[in-house]
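This is what each chain is made of:
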Amino acid sequence: MRSLTLSVVAWMALSAPAFAASDPENPYVGFWTMSSDEDGTPNDTMEIRADGTYVSHGWSCQVANVIPYHLHRGDLYATIEIPGKGPISIVFRHLENDTISFTSPRTRNNAFYSRLRTNPCPGGKG
């Protein structure tokens, strides 16, 4: 019985990362819009899906990128490939007031995203 219990505990520990992106308690899941940006870039919108994908809608809902993400220690990590250049990593942090922050690695300035109740893109793009 003891080995069965240890096997179940080991299976749960090894399986936990696979379930992290589909966890309904994932605080990132939903639609978001930039509410402020210290760099002054145009507002964009995004969707973070429970299936482990991040969708950058861009400034005009053109669905610029659909990329996988993973959660680690409460932060959301994704990598966007810039054609002809290389990868750019993005890290979002969910804050207690149900906003998401992003700190630019280049400027060290912050952008903040607020939760939206519905898809901000016409026709359900994203």
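Preceding this section is the structure that the text describes.
Residues numbered from 1 in each chain as written. Predicted model: local features only at pLDDT ≥ 70, side-chain atom pairs only at ≥ 80, totals over all residues. Heavy atoms only, no water.

> Can you walk me through the nonpolar core in this structure?
What tends to happen in soluble globular proteins is that the nonpolar side chains get buried as a cluster. Membership of the largest hydrophobic core comes to 17 residues, with the highest contact counts inside it found for Met46, Ile48, Tyr54, Ile90, Phe92, Ile100 and Tyr113. Those elements giving two or more residues to this core turn out to be β1 (30-37), β2 (45-48), β4 (65-72), β5 (75-82), β6 (86-94), β7 (99-103) and β8 (110-116). The greatest single-element share of this core, amounting to 3 residues, is contributed by β5. Apart from residues lying up to four places away in sequence, isoleucine 100 is in contact with Tyr28, Trp32, Met46, Ile48, Phe92, Arg93, His94, Ala111, Phe112 and Tyr113. (Core = buried A, V, L, I, M, F, W, Y, C linked by side-chain atoms within 4.5 Å. Buried < 20%, exposed > 50% of the residue type's maximum accessible area, 1.4 Å probe, protein only. Helix = DSSP H or I, 4+ residues; strand = E, 2+ residues; numbered from the N terminus. Contact = heavy atoms within 4.5 Å.)

> Whenever I open this one, the packing of aromatic side chains confuses me. Can you help?
Two aromatic rings, taken as a pair, are described by how far apart their centres are and by the angle between their planes. Across all of its chains, the model carries 3 aromatic pairs by this definition. Relative to phenylalanine 92, the ring of tyrosine 54 has its centre 5.7 Å away and its plane inclined at 45°; by these criteria the two rings are tilted. Of this pair, tyrosine 54 sits in strand β3 (residues 53-58) while phenylalanine 92 sits in strand β6; the two residues are 38 residues apart in sequence, bridging distant segments of the chain. With respect to burial, tyrosine 54 and phenylalanine 92 carry one shared label: buried. An angle of 85° between the planes, with centres 5.8 Å apart, marks the rings of phenylalanine 92 and tyrosine 113 as edge-to-face. Note that phenylalanine 92 is positioned in strand β6 and tyrosine 113 in strand β8, a separation of 21 residues in sequence. There is no split in this pair, since phenylalanine 92 and tyrosine 113 are both buried. Chaining the aromatic ring pairs together yields one cluster made of Tyr54, Phe92, Phe102 and Tyr113. (Phe/Tyr/Trp six-rings, centres within 6.5 Å; stacked < 30°, edge-to-face > 60°.)

> Looking at this structure, I do not really get the pattern of salt bridges. What am I missing?
Close approach of charged atoms allows side chains of opposite charge to pair. Summed over all chains, the structure comprises 3 salt bridges. For arginine 93, the salt bridge is made with aspartate 75, and the minimal N-O distance between the two is 2.7 Å. Of this pair, arginine 93 sits in strand β6 while aspartate 75 sits in strand β5, placing them 18 residues apart in sequence. Under the relative-accessibility criterion, aspartate 75 is labelled buried at 7%. (Salt bridge = Lys/Arg side-chain N within 4 Å of Asp/Glu carboxyl O.)

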